[in-house]
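Inside the fold
One-letter residues, chain by chain:
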Amino acid sequence: MIPLHDIVGATLAMLGVAFLVCWNAARQNHAALLWGIAHLALAGASWSGHRFVLQAQVWLGLLSTALTGVFIATLHAASESLRGRLHGWRVLALRALGISLAVAAVGFGASQMAGRLLVVALMVLVYGVSARFLLGLGYKAAGLAFAVKALACLAAVAELYTVGTSFQSPLSVAVNGVSSALLGLALIDATIHLSSQRLHNVLRHLPDALVARRLDGKVVFCNERFAQLAGVASPASLAGRSVPLLAADQEEAEAIARKVNALATSTPLHEPVRLERSITPAQGAPFPAEIIFSSHMDMGHRVILAQIRDLSERKKAEEERQQQANTDQLTGLSNRHFLEQQLDALLGASRHQGTYCAVLLIDLDHFKKVNDTLGHTFGDQVLRETAQALLAHLQPGDLLARLSGDEFALVMPRLQSLMSVLEVEARAQAILNAVRRDFSHAGMGFKLDASIGVAFPGKEALAASVLLQRAEVAMYEAKARGRSGWCFFEAGMDERLAGSLRIETALRQAVAQGELLLHYQPIYCARTGRLTKAEALLRWESPQLGWVSPGRFIPVAEESSLILEVGAWVLEEAIRQVAQWRAQGWDAPVVSINVSARQFAHPGFEALLHTLLQRHGLPPRAIELELTETLLASDQEDLPALLHRLHGAGVGLSLDDFGTGYSSLSYLARFHLNTVKIDRSFVMNLQEDSRNHSLVRAIISMAHSLHLQVVAEGVESALQRAILQAEGCDYLQGYLLGRPMPAEQLHARPLALTEAQMLTAPEAH
C-alpha cells in the first residue's frame, strides 16, 4: 500500500508538471514556470524530508533543506512576477541558497524542531503574502487557495513533532494534500486566465476589426472593433449570432459569404485571401477596407477568420500622392506627365471616332525679364494669375496643364476636321487677349504677352510627346516672328530647332577646346582722340559650325546655364590680356567686360573677380564691368551693397544700352556707377535738330549732372561724331573709329587719333 505521504508528494509533482506544460504553451507566462518549479521542489523536499526522518541520512536532510529553499524562493517570485517584478535566475538562486542555509543552520545547528518551525513559519509567510498579492490583483480563487494553504501550514504547528514523519495524523496529511491540490488547481486556472487575458488584450487593442465565423455564419468570437462596426455594445453579445460581413445589403453579404465558404471548403486557406471592398458599418459612413480571410479547424468545425482593415487613410494618402504626381503645385493645374497620359488616351479615342484635336503650347513673352527684375515671388504670382485666366476660357472636354516654367498647354478635343483652323485661331486670339496685360511696379512699366504654337496630329498616329514637341517648335517660330502671336507647325521647323540644339551642344565643348576668343573694339576720348577704353567682345569659331554669330549663340547660352561658364572664361581672358599688355610695357586702355544679369547675380561672382585680378596682378581700375538695365532694375537684395563694394575697390561700373530697358532713372542715383553707354539705336539716325538729337542731349546732360561719364556706341559717320562732340559726350565707339579686332591689332594701333584720322573710314587706321 502506498503511504498517504507519498500520494501527496506525487500530487504536488503532477501539479508542477502541469504548470510547466502551461508555461510551454505560453512562454511569456513566467508565473507558470515559477509555480511549476516551486511545486516540483516542494514535492522533492517532502519526499526527501520524509525519507530523512525514516533513514537519518544526512544527504537526504541537506537535499530536503535545499529544495525547501528553492520552493519558498520561487513561490514568492511567481507572485511578484504577476506585478511585473521579474528577477533573474541568479537572484533566485541566491535567495534559495540563503533560505536553505538559514534552515540548515537552525535545523542542524540547534534542533530539528527549530528547523521545522522555521520552515513552517516561512511557508506561512510566503503563502500569506502571496494570498494578499493575488487578491489585490483580482485573482480571487488563487488568493483564497493561498490563504487556505497558509492556514493549513499554520495548523501543522500543533503537530510539529510529527510533521514529515510516519506518525503524522492522516487527517493532517489529507488537509495538507487537499489544500496543496486546491492551490495547484487554482493556480492552473490563474495561468489559463493570464494567457486568455493576454490574448483578449491583444484583440481588444487591435486596430483592425476581427471576427471568427463558422460556415453557417455564426460568430465564434470577435473583438471590440468589430462589435463597434456591428453596432453592439460588447463582443460577447455577438457570440453564437449570425452577423453579415457589414455589407450594404443582405444580398451582397450572402454573396461574399458563399464565395469565402466555397474557397474555405474546397481547399484549406493556408495562405490568406485578400479582398478589397466597401464596408458599411451599422452607424456611420461606408469606408474602403481590406478583408483578410484565413481558416482553421476548431473542435471539428471549420472556422473562417476575417480581419477587416480600414483603408481610408491609405487610400487618402494614395490619392494625395497621385494628386501630387499629376498636379503642378504652383498653379493647381495638371502637370506635363498627366497631360501626356490624358493626351495619349485622347489621341487613341480620336482615331477611332474620326475626330481630331489641336495642341496649343502657350509661352509667356518677357516673363524672364519680369522674374529676374521683380523676383520669383512676384513671378509665381503672375503664373498663378495666368493659370486662372486660362481656366476661365476652358470649354467642356478641354485639357489644360502647366508644362514647366512659363509654358502652358491647352488641348482642344473633338475637332470635326483638319479644316477647323478658324476655330483654333479664334481660341488662340482669345487666349492672347486673356494673358496680355500691362502693369507697373516700383515706377517701372512691364508688358506681359504670349506666343502660341499649334500642332495637329493629322492622319499620323503620333504620340503625345511628339505632338507637344511639334507645338513647342511652332511656339519658338512664333517668337522668332515677333512674339505676341501664334504659329502652326509646318514641315521644316524641326530643322531650325535642331540648329539651336546643335549650337548648344557645340557650345558646351567650346571653352574646353579653346574655340572662344575675344576681339576688342576701341573707345576714344571725344575731346582728345586718345585710345582710352576698349570693349571686349566674344567671338566663336566652331570646327563643326564655322564662325557663329554672337546673335545666335549668346541667346542660347543665356537660356541655359552655359552663360556662367562662358562668362567666367570671358572675365578671365580679358583680365589676362590686359595684364599681358601691361607686362609688355604698353599703357593699355581700360577694358570693358560685358556681364550678364545671371552671371552677376551668382553668389561666387565677386570672389571670382577678385581672385582673377590678384592672380594676374591687375589693379581693379584697369577693367570696367558693363551691366544691363535688367540687372539694375532687379530686386536682388544684396545688389546695392555689391555695387558699392566693387565701386569702392576701384572697379569701373558702366550701364550698357541705356534707354532701351525700363527707362527708370531712379537707379542711376541709387547705385554707384561710373559710366552710361547710349544705345546705338539713338546714334544711328542722329541728325541736327532731330528727335534723337534731343534725346541724346538730354541723356548726356542728365548723366553729367549725376557725375557720370557718357559713351556713345554705334558712331559710324562724321556727322554723328561731330554732334556728339558738340553735346559734350565723353567717349566715342563705333565703326567710324574702329571695328572689333584681335588683341594684337589693337596693340598696334596708335594711342591717339588725329582729327583727320577720326574722320576717315576705319580701314585707313
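Residues numbered from 1 in each chain as written. Predicted model: local features only at pLDDT ≥ 70, side-chain atom pairs only at ≥ 80, totals over all residues. Heavy atoms only, no water.

Some details on the nonpolar core
- Ranked by internal contacts, the top residues of the largest apolar core, which has 80 residues, are Phe600 and Leu625.
- Counting residues per element, this core draws most heavily on helix α18 (residues 562–583), which supplies 10 residues.
- In this structure Leu625 touches Leu571, Ile593, Val595, Phe600, Phe605, Leu609, Leu646, Val651, Gly652, Leu653 and Ser654, once residues within four positions along its chain are discounted.
- Counting 31 residues, the second largest nonpolar core, distinct from the first, contains Leu360, Val382, Ile431 and Phe488. (Core = buried A, V, L, I, M, F, W, Y, C linked by side-chain atoms within 4.5 Å. Buried < 20%, exposed > 50% of the residue type's maximum accessible area, 1.4 Å probe, protein only. Helix = DSSP H or I, 4+ residues; strand = E, 2+ residues; numbered from the N terminus. Contact = heavy atoms within 4.5 Å.)

A few points about the environment of Lys149
- Mapping Lys149 onto the fold places it in helix α6 (residues 140–155).
- Residues Lys149 and Ser179, 30 residues apart in the sequence, show an inter-C-alpha distance of 5.4 Å.

Quick notes on a nonpolar patch on the surface
- On the surface, a cluster of nonpolar side chains totalling about 240 Å² of accessible area is made up of Val17, Val21 and Leu40.
- Positionally, Val17 belongs in helix α1 (residues 4–25). (Patch = residues over 30% accessible without salt bridge, like charges linked within 9 Å, V, L, I, M, F, W, Y side chains within 5 Å. Areas by Shrake-Rupley, 256 points an atom, 1.4 Å probe, with all protein chains shown as cover. Salt bridge = Lys/Arg side-chain N within 4 Å of Asp/Glu carboxyl O.)

Examining the pattern of salt bridges
- Using the criterion set out here, one finds 19 salt bridges in the structure.
- Among the salt bridges present, the one from Glu727 reaches Arg697, with a minimum N-O distance of 3.3 Å. Of this pair, Glu727 sits in the loop between α26 (718–726) and β20 (731–733) while Arg697 sits in helix α25 (residues 691–705), and the two are 30 residues apart along the sequence.
- Connected through salt bridges with shared partners, the residues Asp363, Asp365, Lys479 and Arg483 form a single ionic network.

Notes on the packing of aromatic side chains
- If you walk through the whole model with that rule in mind, you get five aromatic pairs.
- The structure contains a cluster of three or more aromatic residues connected by ring pairs, namely Tyr520, Trp581 and Trp586.
- Its end group placed over the ring of Tyr735, Arg739 keeps NZ or CZ at 4.0 Å from the ring centre. (Phe/Tyr/Trp six-rings, centres within 6.5 Å; stacked < 30°, edge-to-face > 60°. Lys NZ or Arg CZ within 6 Å of the ring centre and 35° of its normal.)

Quick word on the packing of helix α20 (residues 605–615) against helix α22 (residues 639–649)
- Across the interface, α20 lies against α22 with an axial gap of 11 Å and an inter-helix angle of 10 degrees. Considered as vectors, α20 and α22 are oriented roughly parallel to each other. Here α20 contributes Glu606, Leu609 and His610 to the contact with α22, which in turn contributes Leu642, Arg645, Leu646 and Ala649.
- Across the contact of α20 with α22, the residue classes tally to four nonpolar, one polar and two charged. (Axes fitted to C-alpha atoms, helices over the stretch in contact; angles between N-to-C directions. Parallel < 35°, antiparallel > 145°, perpendicular 65-115°, else oblique. Nonpolar A, V, L, I, M, F, W, Y, C, P; charged D, E, K, R; others polar.)

Overview of the packing of α18 against α20
- It is at 9 Å that the axes of α18 and α20 come closest, and there the two elements cross at 25 degrees. Compared by their axis directions, α18 and α20 come out roughly parallel. As for how α18 packs across α20, the hand of that crossing is right-handed. Contacts between α18 and α20 involve Ala568, Leu571, Glu572 and Ile575 from the first element and Phe605, Leu608, Leu609, Leu612, Leu613 and Arg615 from the second.
- In terms of residue class, the contact of α18 with α20 is built from eight nonpolar, no polar and two charged. (Left-handed = near helix turned anticlockwise from the far one by under 90°.)

Some remarks on unusual backbone geometry
- Phi angles above zero are rare outside glycine, and Asp657 is one such case at about 55 degrees.
- For His707, which is not a glycine, the phi torsion comes out positive at approximately 60 degrees.
- Assignment of secondary structure puts His707 in the loop between α25 and β19 (709–713).
- We classify His707 as exposed; its relative accessible area is 73%.

Regarding the side chain of Ser592
- Counting through the fold element by element, Ser592 comes out in strand β15 (residues 590–594).
- Once you skip the residues sitting within four places of it in the chain, Ser592 turns out to touch Ala534, Glu535, Ala536, Glu624 and Glu626.

Section: a negative patch on the surface
- A cluster of acidic side chains, namely Asp310, Glu313, Glu319 and Glu320, defines a negative patch on the protein surface.
- Among the elements that line the negative patch, the one with the most residues is helix α10 (residues 312–326), at three residues.
- Among the structural elements, Glu319 can be located in helix α10. (Lys, Arg positive; Asp, Glu negative; His and termini not counted. Charge placed at Lys NZ, Arg CZ, Asp CG, Glu CD.)

Points about the environment of Ser130
- Along the chain, the position of Ser130 falls in helix α5 (residues 112–137).
- Classification of Ser130 by relative accessible area gives buried; the value is 0%.
- Taking the C-alpha atoms as reference points, Ser130 and Gly143, 13 residues apart in sequence, are found 7.1 Å from one another.
- In this structure Ser130 touches Leu75, Ser79 and Phe146, once residues within four positions along its chain are discounted.

So, α20
- Buried within α20 are the following residues: Phe605, Glu606, Leu609, Leu612 and Leu613. Down the axis of α20, the buried side of the element spans an arc of 135 degrees, and every buried residue falls inside it. Summarising the geometry of α20, the exposed residues directed more than 90 degrees from the buried face are Gln614 and Arg615.
- Buried residues belonging to α20 abut α18, α19 (597–600), β16 (623–627) and α22.
- Just downstream of α20, Gly617 is the residue with a positive phi angle, here 65 degrees. (Arc of directions from axis to C-beta.)

With respect to the UniProt feature "transmembrane region" (unreviewed entry) in the chain
- What UniProt calls "transmembrane region" (unreviewed entry) maps, in this numbering, to residues 7–26, 32–49, 58–79, 91–110, 117–135 and 141–161.
- The distance separating the terminal C-alpha atoms of residues 58–79 is 32 Å; by composition the span is 100% helix and 0% strand.
- Secondary structure across residues 117–135 comprises 100% helix and 0% strand; the distance between its end C-alpha atoms is 27 Å. (UniProt positions renumbered as here; feature names shortened; annotations may be inferred.)

Considerations on the pairing of β19
- With respect to burial, β19 is a largely interior element, four of its five residues being buried.
- The sheet contact formed by strand β18 (residues 675–678) and β19 spans four bridges and is parallel. Within β19, the residue paired with Thr675 across the bridge is Gln709.
- Sheet topology places β19 next to β20; three bridges connect them, and they run parallel. When the sheet's bridge partners are listed, Glu713 is paired in β20 with Gln733.
- Since β19 and β20 lie parallel, the crossover through α26 that links them has a hand, and here it is right-handed. (Pairing = 2+ DSSP bridges. Right-handed = clockwise from strand over helix to strand, strands pointing away.)

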